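# Survey of secondary and tertiary structure
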Amino acid sequence: SQGTGALRGVSFSDTENGTLVGDGGKILRTTDGGETWASQTSGTTSTLNDVSFVSPEIGTIVGNGGLVFRTTDGGLTWVPQSSGSGAQLLGVSFSNPNVGTAVGWFSNATGRSATILRTTDGGATWANQTVPTQNSLTSVVQIDENVATVVGAWGTILHTTTGGIVTVGEDPNAGEYRPQTFVLQQNYPNPFNPSTLIEFRMAHAGFVSIRVFDLLGREVSNIANEFFSAGTHYVRFVGSGFTIGVY
């Protein structure tokens, strides 16, 4: 065990060499199968969500705000790369030193949308791919240069055999996760400064009121008070002007 904060991603290139990443820019490295772990310098305090190593020396880390880091020396140095995206990158996988995919989500004017980024030059450049879903994407496995599978919220499964999304599938049990009534999700990010996105899903159209209260039970904001259609919706709470605390 190493300190506080969540560890969010792990990758082993063999039985001995592995890397963990997590909150606060944390990177931990083992060369003895996890008997001991040594801290490495990431150069950021942002959340790192996932890591993929294709050999003991070559690895890639992704994180919030479109962060991408690359090492070619087993993590002695981590070099930032430009993803060209501000997305929350939650998963990454490389099949070889050059070809890899990163997945996640980003906020826009209408709420949250999925992101898939692909590189064929070791992360020097990343290209956005067309994504046939708005659901958040959380993990990816890149099998070879052409074959990859992505999973995400609400039973989402995306698969490609040509280096891009060409087949869309669903978890056969995905219906278990679909709301049969109103579902209010955890806001993200949390904690936040100055704003956070609140997701809710509706099985049927109806009137929705979402209000924010302080710890004393006093209403401090009414951020939704209108009719919404069935489906997934997002509203943003902006905390500027409020005192720091729990709401």
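A brief structural summary. (Residues numbered from 1 in each chain as written. Predicted model: local features only at pLDDT ≥ 70, side-chain atom pairs only at ≥ 80, totals over all residues. Heavy atoms only, no water.)

Right, let's get into the sheet that holds strand β1 (residues 7-12). Spatially, the four strands line up as an open sheet ordered β1-β2-β3-β4, and their pairing is antiparallel. The sheet is open, and its two borders are formed by β1 and β4 (38-40), each paired with just one other strand. Across the sheet, the axes of successive neighbouring strands diverge by a mean angle of 25°, strand direction being ignored. Taken together, the four bridges between strand β2 (residues 18-22) and strand β3 (residues 27-30) define a ladder with antiparallel strand orientation. When the sheet's bridge partners are listed, Thr 19 is paired in β3 with Arg 29. (Pairing = 2+ DSSP bridges. Helix = DSSP H or I, 4+ residues; strand = E, 2+ residues; numbered from the N terminus. Axes fitted to C-alpha atoms, helices over the stretch in contact; angles between N-to-C directions.)

Considering the arrangement of structural elements, one finds Pro 189 in the loop between β17 (183-184) and β18 (195-202). According to the relative accessible area criterion, Pro 189 is partly exposed, its value standing at 31%. Once residues within four sequence positions are removed from consideration, Pro 189 is found in contact with Ser 195 and Thr 196. (Buried < 20%, exposed > 50% of the residue type's maximum accessible area, 1.4 Å probe, protein only. Contact = heavy atoms within 4.5 Å.)

Sizing a probe to match a water molecule and rolling it over the atoms shows the empty space that remains. In this structure, the largest pocket spans a volume of roughly 580 Å³. Considering the residues around the largest pocket, the lining is formed by 24 residues, among which Asn 190, Phe 192, Phe 237, Gly 245 and Tyr 247 are closest to the centre. Elements with a contribution of two residues or more to the lining of the largest pocket: β18 and β19 (206-213). When residues of the lining of the largest pocket are assigned to their parent elements, the largest contribution, four residues, is made by β19. Split by residue class, the lining of the largest pocket holds 13 nonpolar, ten polar and one charged. (1 Å grid on protein atoms, 1.4 Å probe; cavity = no way out; pocket = protein on both sides within 12 Å on 5 of 7 lines; lining within 4 Å. Points joined across faces, edges and corners; volume = space filled by probe spheres on them. Nonpolar A, V, L, I, M, F, W, Y, C, P; charged D, E, K, R; others polar.)

Summarising the sheet, β19 and strand β20 (residues 219-228) pair through eight bridges and their orientation is antiparallel. For Phe 207, the partnering residue across the bridge sits in β20 and is Phe 227. Remark: five residues form the turn of the hairpin made by β19 and β20, two consecutive strands paired antiparallel; Gly 217 in that turn has positive phi of roughly 85°.

This brings us to empty space enclosed by the protein. Within the structure shown, the criterion is met by one cavity of 30 Å³ or more. Each pocket or cavity is described by its volume, and for the largest cavity that value is around 60 Å³. Residue assignment for the lining of the largest cavity shows that the elements contributing at least two residues are β11 (111-119), β13 (137-142) and β14 (148-152). Within the lining of the largest cavity, the residues separate by chemical class into five nonpolar, six polar and one charged.

This part takes up the sheet that holds β18. Pairing within the open sheet is antiparallel, and its three strands lie in the order β17-β18-β21. Either end of the sheet is taken by a strand with one partner, and the two such strands are β17 and β21 (231-238). Of the strand pairs in this sheet, β17 and β18 are connected by two bridges, and their pairing is antiparallel. Bridging from a neighbouring strand, Val 183 pairs with Arg 201 of β18.

Glancing now at the environment of Ile 157. In this fold, Ile 157 is placed in strand β15 (residues 156-160). Taking the C-alpha atoms as reference, Ile 157 lies 20 Å from Gly 9; in sequence the two are 148 residues apart.

Within the secondary structure, Gly 34 sits in the loop between β3 and β4. Of the residues examined, Gly 34 reaches a relative accessible area of 27% and is grouped as partly exposed. Residues Gly 34 and Gln 186, spaced 152 residues apart in sequence, show a C-alpha to C-alpha distance of 33 Å.

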